[in-house]
Amino acid sequence: MFTVVVCVGSSCYVRGSEKLAETFERLIRERGLDSRVELTGAFCMEQCSMGVSVRIGEQTFRCMDPGDAESFFDQQVMPYLTAVS
Ligand code: FES
């Protein structure tokens, strides 16, 4: 089990963190990853400059377009999941 943390601080919220988290939640459920990925939120990760901050394991990423959250999930979350399994 590893944790994906979506920033819900004010800057990231304005940039669409709620939509991003909803999409992640749906993808985790649809792909049967519930037992392997825990989705949670956190307040400001102090990297507010661009996009929505997402922490996966020890790394922090920025999702520039929460409307394209599925691509971000495929490109950032899935490889990490594969690498740690
Ligand atoms: S509000 Fe998300 S990193 Fe600051």
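What you see is a predicted model, and the numbers here were worked out from it, not measured in a lab. In this numbering scheme, every chain counts its residues from 1 along its sequence in written order. Confidence filtering applies because this is a predicted model: local features only for residues at pLDDT of at least 70, side-chain atom pairs given and counted only at 80 or more, and all residues used for totals across whole chains, interfaces and linings. In computing side-chain properties, one takes all heavy atoms of the structure into account and sets aside hydrogens as well as water.

**Some thoughts on the overall build of the protein**
Per the convention used, a helix needs a DSSP run of H or I reaching at least four residues, while a strand needs a run of E reaching at least two, with both numbered from the N terminus. When you go through the protein residue by residue, the secondary structure sums to three helices and four strands. Relative to its length of 85 residues, the protein is compact, with a C-alpha radius of gyration of 12 Å against a globular reference of 12 Å. Seen through its principal axes, the protein has C-alpha atoms that stretch 30 × 25 × 20 Å. Exposure categories follow from relative accessible area, calculated using a 1.4 Å probe and restricted to protein chains: below 20% of the type maximum is buried, above 50% is exposed, and the middle band is partly exposed. Per-residue burial over the protein gives 36% buried out of 85 residues. Accessible surface area values rest on a Shrake-Rupley calculation with a 1.4 Å probe, where residue burial reflects the displayed protein chains alone. Summed over all atoms, the accessible surface of the protein reaches about 4900 Å², with 47% contributed by carbon and sulfur. Charged-residue counts in this description rest on Lys and Arg as positive and Asp and Glu as negative, His and the chain ends being excluded. Note on charges: their place is set at NZ of Lys, CZ of Arg, CG of Asp or CD of Glu. In the protein, 8 positive and 12 negative side-chain charges are present, and the distance between their average locations comes to 2 Å. When we talk radius of gyration, it's over C-alpha atoms, and the globule rule is simply 2.2 Å times the number of residues to the 0.38.

**Examining the pairing of strand S1 (residues 2-7)**
Most of S1 sits out of view: five of its six residues are buried. In the sheet, S1 pairs with strand S2 (residues 37-42) via six bridges, with the strands oriented parallel. Within the sheet, the bridge partner assigned to Phe2 lies in S2 and is Val37. Pairing between S1 and strand S3 (residues 52-56): three bridges, direction antiparallel. The residue of S3 that forms the bridge with Val6 is Val54. Strands qualify as paired when DSSP identifies two bridges or more between them.

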